[in-house]
Amino acid sequence: MNKEEAVEKARKDLAQRLKVDAADIKDSVEDADFPDMALGASEDGEMSGQMITRGWRIRLSAGGQSHEYRADKNQVRLYKYKGKNYRV
Amino acid sequence: MNRNNVVIHLALAVVLILVAAFAGQLNRWRKHWKSQLHIIPAEEKRRATSTTEAIALTDIRGFGRPEVLVKFKSGVSQETIDELTSRMNDRVEDRIENAPGWEAIDDLDNANVNAIIAQYSSIPQVEFVEENYEIKADDSLLPVLPHDPQFGEQWALANSGQRGGKKGADVSATLAWATTTGSDDIVVAVLDSGVDYNHEDLAPNMWTRPDSMPPYQDNELGAIDDVNGFNAIDNASDPMDENGHGTHCAGIIGAEGENDLGIAGVNWHVRIMPLKFMNAGGYGTTKDAIEAINYVIDRKKAGVNVRIISASWGGTQRSRALEEVIRKAYENDILFVAAAGNSSVNNDRNPHYPSSYNVPNVVSVAALDRNDQLAGFSNYGVKSVAVAAPGVDILSTWLGNSYEEKSGTSMATPVVAGVAALVLAEHPHMSVDDLRKKLLASSDPIVALKGKVGSGGRINAAKAVE
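Every value quoted in this text rests on a predicted model; they were computed, and no experiment measured them.

**Q** Looking at this structure, I do not really get the overall build of chain B. What am I missing?
**A** Secondary structure assignment for chain B yields 12 helices and 19 strands. Taken over 466 residues, chain B has a buried fraction of 53%. Once local pairs closer than 6 in sequence are excluded, the contacts in chain B between residues at least 24 apart make up 71%. Element-wise, carbon and sulfur atoms account for 52% of the exposed surface of chain B, whose accessible area totals about 20200 Å².

See below:
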């Protein structure tokens, strides 16, 4: 998965969650180092390799609210959405 | 003769004089070396880059070693000395230039050294006689350097100040290797994303289930052909790594040394047991980690000498079941080395599991950079983190016969697991309690670790294997 594919996956996920049109979601993306292989966004009961992992921080805004996704070539995760992390 | 010819002749004469002087000095050096009681010269030992070679050199030097050093009284001529020694079927092996009157005597009959001393003591022309002791004391302190082509990048093992690092900020592996380079009898379980067991720098050091040992029996699934290890994700036999993380950790512990390929592991020789519980993304479940640890305990009971589990992973959720199975590993004399985590937090206040479990076999590891500073990402905790090891820009094996540099307490953990394996290679019957104590007590105090990790130190392989 490349950066564009990761952003696309994140936009689709947020559109479904918020029940909005994906075209109405604004995004900004930056390269980032995450603390582990779950990109610092482990789900409950999940264990991850403790290796610094290069990826992308994707910030999506819709309906006046901002949400953070984290991605690398293997995965996309939603970070602290209503207090919880999700693998997308 | 014109002016040019004079200059050429003068220059030639100067060169000849210099060559003659150098040759004379070489001869003096040679004689001086011979008089040094036949200790292996440091330069020669350093060229002995494998243990086998070093032993071979030692043997060569040991052959024909003079038995005694004799001091004849002043005024005794060389002819008299030659006559006296020849009468006893001995030979003056060397005159010791820096100690006037002393001769190194080789007894050609290979008689007992005490008898030779008694013989020479009875000769009126002899002032003193003593045994030519073999001096070996410092041999083990000479560094042993492998020929692996990328070893120069392995600052964790030998920090020469490369890429702006601090010289000596390493785990003293090259000194440890003068004592041991590891053992095929020690098995280290790499509990991770599996291992690329076909990697050319790892393949010779991979564990495989002996033919004589029955396959693993899972309570629900029955027999699993664990010839290459165990895959807890699929409850299957193939622990092939699809991520790279486990392969990286395995290389730090035991990439084959002195094989003219890539890197050297902390152990040149060891047996790595691959266990897979994390997927291609590098994450997995607590349940699968527990199953893999149960597998290790089962294999230990079946006769595999697996003494260490290297666990470069973790999370913030406590699991009583995981803690219990790690305690079960302790009861089976297995050390559990675990990553402290990469969130820059104090684990005493914000625990990270499994490294924060208060079980006697757990060694929680923080990460250091190449300047002996706690890595910016590393977790710490004077009560809950035991020791630190290099964990930034660590070069190791990766999927498909490649090599990559990675950072994390994930990388520091197998350094400590590897040193533990070296200790066991030298002290195979050491208990898990003593092994843990040894690792921490032999660490080097580091200013940056004071109040940050329990031992206050960086792991030191050379001191640990003593």
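**Q** Just to check I follow, could you spell out the sheet that holds strand β10 (residues 283-285) of chain B for this structure?
**A** By definition, the strands of a sheet pair up through backbone hydrogen bonds, in either a parallel or an antiparallel sense. Taken in spatial order, the 3 strands line up as β10(B)-β2(A)-β12(B) in an open sheet, and their pairing is antiparallel. In this open sheet, the two strands that pair with only one neighbour each are β10 and β12 (313-314) of chain B. Pairing geometry for strand β2 (residues 46-49) of chain A and β12 of chain B, over 2 bridges, is antiparallel. Counted as the bridge partner of Gly49 of chain A is Trp313 of chain B from β12 of chain B.

**Q** Looking at this structure, how should I read the pairing of strand β16 (residues 394-398) of chain B?
**A** Put simply, side chains in a regular strand alternate between the two faces of the sheet. Residue and element names in this part refer to chain B. Taken across its 5 residues, β16 has 5 buried, putting it largely inside the fold. Both β16 and strand β17 (residues 402-406) contribute to a ladder of 5 bridges, which runs antiparallel. For Thr397, the partnering residue across the bridge sits in β17 and is Tyr403. Taking the residues that link successive antiparallel strands as the turn, the β16-β17 hairpin has 3 residues, and the phi of Gly400 there is positive, at about 65°.

**Q** Hey, could you run me through helix α7 (residues 245-254) of chain B in this one?
**A** Residues lying three or four places apart along an α-helix face the same way, a consequence of the helix completing one turn every 3.6 residues. With respect to burial, α7 of chain B is a largely interior element, 10 of its 10 residues being buried. Burial in α7 of chain B covers these residues: His245, Gly246, Thr247, His248, Cys249, Ala250, Gly251, Ile252, Ile253 and Gly254 of chain B.

**Q** Even after reading the chapter, I still don't get the packing of aromatic side chains, so can you show me in this structure?
**A** The description of an aromatic ring pair uses the distance of the two centres, along with the angle that the planes make with each other. Counting across every chain of the model gives 9 aromatic pairs over all chains. Measuring from centroid to centroid gives 4.8 Å for Phe230 of chain B and Tyr295 of chain B, while their planes differ by 10°, and the two rings are stacked. Linking Phe230 of chain B in strand β8 (residues 230-231) with Tyr295 of chain B in helix α8 (residues 286-301), this pair joins segments that are 65 residues apart in sequence. Tyr295 of chain B matches Phe230 of chain B in its accessibility class, with the two residues each being buried. One Lys or Arg, Arg17 of chain A, reaches over the ring of Tyr81 of chain A and ends 5.3 Å from the middle of that ring.

**Q** Please clarify how the sheet that holds strand β6 (residues 84-87) of chain A should be interpreted in this entry.
**A** Residues and elements named next belong to chain A. Spatial strand order, β1-β3-β4-β5-β6: 5 strands in an open sheet with antiparallel pairing. Every interior strand has two partners, whereas the edge strands, β1 (26-34) and β6, have only one. Here the strands of the sheet are splayed against their neighbours by 25° on average, with no regard to which way each runs. Taken together, the 9 bridges between β1 and strand β3 (residues 53-62) define a ladder with antiparallel strand orientation. Bridge pairing in β3 places Glu30 opposite Arg57. Along the sheet face, helix α1 (residues 3-18) touches β1, β3, β4 (65-72), β5 (75-81) and β6 and points at about 40° away from the line of β3.

**Q** Please clarify how the pattern of salt bridges should be interpreted in this entry.
**A** Side chains that carry opposite charge are capable of pairing whenever their charged atoms lie near each other. Per the counting criterion, the structure on display carries 32 salt bridges over all chains. Note that Asp226 of chain B is salt-bridged to Arg299 of chain B, the shortest N-O span being 3.1 Å. Note that Asp226 of chain B is positioned in the loop between β7 (222-224) and β8 and Arg299 of chain B in helix α8, a separation of 73 residues in sequence. Classification of Asp226 of chain B as buried rests on a relative accessible area of 0%. Across the pair Lys463 of chain B and Asp444 of chain B runs a salt bridge whose closest N-O atoms are separated by 2.5 Å. Taken together, the residues span a long stretch of sequence, with Lys463 of chain B in helix α12 (residues 461-464) and Asp444 of chain B in strand β18 (residues 444-445) at a distance of 19 residues. Classification of Lys463 of chain B by relative accessible area gives partly exposed; the value is 36%. On the accessibility criterion, Asp444 of chain B (14% relative accessible area) is buried. One continuous salt-bridge network, built from bridges that share partners, spans Glu30, Arg57, Arg59, Glu68 and Arg70 of chain A.

**Q** Hey, could you run me through the interface of chain B and chain A in this one?
**A** When the parts of a complex come together, some accessible area is lost, and that lost area is often used as the size of the interface. Facing 30 residues of chain B, the contacting portion of chain A comprises 15 residues. A combined buried area of about 1700 Å² lies between chain B and chain A, and 54% of that area is made up of carbon and sulfur atoms. Looking only at chain B, the three residues that lose the most surface to chain A are Tyr283, Gln317 and Asn342 of chain B, adding up to 34% of its buried area. Scanning the region where chain B abuts chain A turns up 0 salt bridges. At the boundary of chain B and chain A, one finds 13 residue pairs in polar contact (both at pLDDT 80 or more). Elements with a contribution of two residues or more to the side of chain B that touches chain A: β10, β12 and α10 (409-426) of chain B. Its residues assigned to classes, the side of chain B that touches chain A comprises 11 nonpolar, 18 polar and 1 charged.

**Q** Teacher, can you tell me more about the packing of α8 of chain B against helix α9 (residues 320-331) of chain B here?
**A** Packed helices, taken two at a time, are described by their axes: the angle between them and the distance between them. Residue and element names in this part refer to chain B. At a minimum axis separation of 10 Å, α8 and α9 run at an interaxial angle of 15°. The orientation of α8 relative to α9 falls into the category roughly parallel. Seen from above, α8 lies across α9 with left-handed handedness. Residues Thr286, Ala289, Ile290, Ile293, Asn294 and Ile297 of α8 touch α9, and the partners they reach there are Ala321, Leu322, Val325, Ile326, Lys328 and Ala329.

**Q** Honestly, the environment of Leu261 of chain B in this entry has me stumped. Any pointers?
**A** All names here are of chain B. Turning to its location among the elements, Leu261 is positioned in the loop between α7 and β9 (269-276). Since its relative accessible area comes to 27%, Leu261 is described here as partly exposed. Along the chain, Leu261 and Asp185 lie 76 residues apart, while their C-alpha atoms are 23 Å from each other. Setting aside chain neighbours within four positions, we find Leu261 in contact with Asp148, Pro149, Glu200, Asp201 and Tyr403.

**Q** What's the story with the nonpolar core in this structure? I'm lost.
**A** Across soluble globular proteins, nonpolar side chains have a tendency to be buried as a group. All names here are of chain B. Counting 68 residues, the largest nonpolar core has Trp177, Ile308, Leu335, Val363, Val416, Leu439 and Ile459 as its most contacted members. In terms of residue count, the dominant contributor to this core is α10 (12 residues). Contact partners of Ile459, with chain neighbours within four places excluded, come to Asp170, Val171, Val387, Ala388, Ala389, Val415, Val416, Val419, Leu439 and Ser443. In this structure, Leu191, Tyr216, Phe336 and Tyr353 belong to the second largest nonpolar core, which totals 37 residues.

Rules and cut-offs
- Residues numbered from 1 in each chain as written.
- Chains lettered and ligands numbered in written order.
- Predicted model: local features only at pLDDT ≥ 70, side-chain atom pairs only at ≥ 80, totals over all residues.
- Heavy atoms only, no water.
- Helix = DSSP H or I, 4+ residues; strand = E, 2+ residues; numbered from the N terminus.
- Buried < 20%, exposed > 50% of the residue type's maximum accessible area, 1.4 Å probe, protein only.
- Contact = heavy atoms within 4.5 Å.
- Areas by Shrake-Rupley, 256 points an atom, 1.4 Å probe, with all protein chains shown as cover.
- Pairing = 2+ DSSP bridges.
- Phe/Tyr/Trp six-rings, centres within 6.5 Å; stacked < 30°, edge-to-face > 60°.
- Lys NZ or Arg CZ within 6 Å of the ring centre and 35° of its normal.
- Axes fitted to C-alpha atoms, helices over the stretch in contact; angles between N-to-C directions.
- Salt bridge = Lys/Arg side-chain N within 4 Å of Asp/Glu carboxyl O.
- Buried area = accessible area lost by both parts, 1.4 Å probe.
- Polar contact = N/O pair within 3.5 Å; in protein donor to acceptor, adjacent residues only side chain to side chain.
- Nonpolar A, V, L, I, M, F, W, Y, C, P; charged D, E, K, R; others polar.
- Parallel < 35°, antiparallel > 145°, perpendicular 65-115°, else oblique.
- Left-handed = near helix turned anticlockwise from the far one by under 90°.
- Core = buried A, V, L, I, M, F, W, Y, C linked by side-chain atoms within 4.5 Å.

Limitation: the analysis is restricted to geometry and does not speak to function.
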